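Listed here are the chains, written in short residue letters.
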Amino acid sequence: MNAPTTRRLTVAQALVEFLAHQYTERDGRRHRLIQACWGIFGHGNVAGLGQALLESGAASHEGAPPGPPALPYLQGRNEQAMVHAAVGYARQCDRLSAQAVTTSIGPGATNLVTGAALATVNRLPVLLLPGDVFATRPADPVLQQLEVPSAGDLSVNDALRPVSRYFDRVTRPEALIPAALQAMRVLADPVDTGAVTLALPQDVQAEAYDWPVEFFADRVWRVPRPAPDADALADAVRALRGARRPLVVAGGGVHHSEAEDALCAFADATGIPVASTQAGKGSLRHDHPADVGGIGHTGTATADALAREADLVLGVGTRYTDFTTASSTLFAEPGVRFVNLNIASFDAHKLAAACLVADARAGLEALTKELSGHRVDAEYEAAYRAAKAGWERRVDAAYAAEDASVRPSQTQVLGALDAVVDDTDVIINAAGSLPGDLHKLWRARSRRQYHLEYGYSCMGYEIPAAIGVRLAAPDRPVWALVGDGTYLMNPTEIVTAVQEGINITLVLIQNHGYASIGGLSQATGGERFGTDYRFRAEDGTYTGAPLPVDLAANAASLGMQVLRAATVGELRAALAEARGANRPTCVYVETETADTVPGAPEAQAWWDVPVAETATRPAAVAAREAYDRHTAGRRRHL
């Protein structure tokens, strides 16, 4: 008897089974491409994808009828947060495995937009499956439908187009086949990856179709390691050999490519110092002699001084954002040139660079081989190592707290955490004043310890991302570092962590407002207007007493174990207890608001935030004068 050539399933059932058979492969190691699906159900997906996920899960249980490999379901509380969790998972998995997110139509779908932008900006894969209005329009409009008089085929899901690397609306069952294949292609492509959206009309999700069985066969998407072009490699080697003060800028592409060992070998062989972006920090261990720390607006004095004097910059897997380049003022040497090693041609061509379009690991290995015998001048190497040692003393001073009975500063919180963690811990942050302190001070011990989302710097990322990281690495302690402003944006996934027993630790820092934006406001003439969490004063400004908000009580009400720390000593004990806890735990600490890195200049490198050109208040007038001085140093590298 001939085997059947088709299977009759709904579109949602077919998509779930298809996703369960998709894999990536790199270096001979295979990974499931879509590991799980987050979801919040409503009338746009409850009877379609919801029913399909239910069947898929039931088929995986012992004693259940034979069925497709299950696509595990994860219950979220906020659609944006579900995307953040999926992004955290994908980053921890080096982009080789991802997760899907399904929502209803209307606000459920539009809540995906911020998370999608974050994923695409950071080049991290996530599959979005929002429900959509009826394709057949039996009732028009339906609940939550956006009516556009000039475009009958438009829905709120179209808001996801500009923030998705691939977008399709599946209006017929058979259209799922090419759409799903294109979606997988983009998710697995290290150049094109980001948010991928398949909008699924709710009637089409429930419609049955006879699917070719080949659609459900195991499919492997190989992730290549393209080598650099021979001529481009020769040009890069020639430039590096001729440089007197070269500098490597390591970006997130080093981590995505698992190129840390190759970078270490390159630095060992050549002696070229390595500075890192927020995404690239940890590319070298903090104690490697060539690691000079973070670069740019939030960088170390050592790295930024080297950047200003560098005559050649080798960018590896970096996008050169304005924080890295100090808004095009950092690389100040008149004759400075750039060589960019990047798997994406778009990024490799930035700053008029000589381009090595290649995988980071393959490119670094080729460079190391071709530079055999070459090393930077011993005097240059000795100088940056001495500067590195000097910066480490500043870190020690920032972390130190001789009196354990006082309230800690924010940098002392980091010092207490530094004393508790080891190579296995993961530190997650995204926004506020913490990214600057972490980029300058944190001593990254392993390749995935430092997890800063600073491409989109999205408040509310940290807690759900910690869940995603812990799902990807269940044996690693995971810390979400969150200020009070960020916590109030999106604490709801604490409930998910409690429900699923996902053991994350939240370090909740209470500093009564937006510390980072407050400092920026002060520097740009805004006088910290609207940045503190305080009562209104008699003059109408928010300069009264701090708000009596108990965020620790809130975290406890959501199911977390909460440890309160009022002093440095209590903080040290609480962090140690939290690291050994077997349930989601929050360490709550109120910090001193005045906090600077000892011995560091007020601003290591400039960041361009335009200041009012005309103003009457003295603070804004002075800020504009400073702005004009800084812009005079801005340049285009051509």
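The shown structure was predicted, so the numbers you read here are calculated from the model rather than taken from an experiment.

Peer 1: Which residues make up the sheet that holds strand 21 (residues 505–510), and what are the values?
Peer 2: The parallel open sheet is built from six strands, whose spatial order is 19-18-20-21-23-22. This sheet does not close on itself; its edge strands, each paired only once, are strand 19 (450–452) and strand 22 (561–565). On average, each strand axis in the sheet is tilted by 20° relative to the strand beside it, whichever way the strands run. The pairing of strand 20 (residues 478–483) with strand 21 spans five bridges and is classified as parallel. Following the sheet pairing, alanine 480 is matched in strand 21 by leucine 506. Packing against the sheet, helix 18 (residues 462–472) makes contact with strand 18 (426–429), strand 19, strand 20 and strand 21, and its axis sits at approximately 175° to strand 20.

Peer 1: Tell me about a nonpolar patch on the surface, and please be specific about residues and values.
Peer 2: On the surface, Leu488, Phe535, Leu547 and Val549 cluster together into a nonpolar patch covering about 330 Å² of accessible area. Mapped onto the elements of the fold, leucine 547 is located in the loop between helix 21 (515–523) and helix 22 (551–557). Overall, leucine 547 belongs to the partly exposed group, its relative accessible area being 31%.

Peer 1: Describe in detail the nonpolar core, supporting the description with residues and values.
Peer 2: With 51 residues, the main nonpolar core has Ile295, Phe331 and Leu367 as its most contacted residues. By residue number, the principal contributor to this core is helix 8 (residues 230–242), which donates five residues. Counting 48 residues, the second largest nonpolar core, distinct from the first, contains Trp38, Met82, Ile504 and Tyr588.

Peer 1: Residue-level account of the packing of helix 3 (residues 79–92) against helix 18, with values.
Peer 2: The geometry of helix 3 relative to helix 18 is characterised by a closest axis approach of 7 Å and an angle of 40° between their N-to-C directions. Classified by the interaxial angle, the pair formed by helix 3 and helix 18 is oblique. Once helix 3 is placed against helix 18, the crossing between them reads as right-handed. For the pair helix 3 and helix 18, contact is made by Ala81, His84, Ala85, Gly88, Tyr89 and Gln92 and by Pro464, Ala465, Gly468, Val469, Leu471 and Ala472, respectively.

Peer 1: Outline the sheet that holds strand 8 (residues 166–169), listing residues and values.
Peer 2: Pairing within the open sheet is parallel, and its six strands lie in the order 5-4-6-7-9-8. Every interior strand has two partners, whereas the edge strands, strand 5 (73–75) and strand 8, have only one. In this sheet, neighbouring strand axes are inclined to one another by 20° on average, regardless of whether the strands run parallel or antiparallel. In this structure, strand 7 (residues 126–132) lies alongside strand 9 (residues 195–201), joined through five bridges in parallel fashion. Counted as the bridge partner of glycine 131 is leucine 200 from strand 9.

Scoring rules and cut-offs
Residues numbered from 1 in each chain as written. Predicted model: local features only at pLDDT ≥ 70, side-chain atom pairs only at ≥ 80, totals over all residues. Heavy atoms only, no water. Pairing = 2+ DSSP bridges. Helix = DSSP H or I, 4+ residues; strand = E, 2+ residues; numbered from the N terminus. Axes fitted to C-alpha atoms, helices over the stretch in contact; angles between N-to-C directions. Contact = heavy atoms within 4.5 Å. Patch = residues over 30% accessible without salt bridge, like charges linked within 9 Å, V, L, I, M, F, W, Y side chains within 5 Å. Areas by Shrake-Rupley, 256 points an atom, 1.4 Å probe, with all protein chains shown as cover. Salt bridge = Lys/Arg side-chain N within 4 Å of Asp/Glu carboxyl O. Buried < 20%, exposed > 50% of the residue type's maximum accessible area, 1.4 Å probe, protein only. Core = buried A, V, L, I, M, F, W, Y, C linked by side-chain atoms within 4.5 Å. Parallel < 35°, antiparallel > 145°, perpendicular 65-115°, else oblique. Left-handed = near helix turned anticlockwise from the far one by under 90°.

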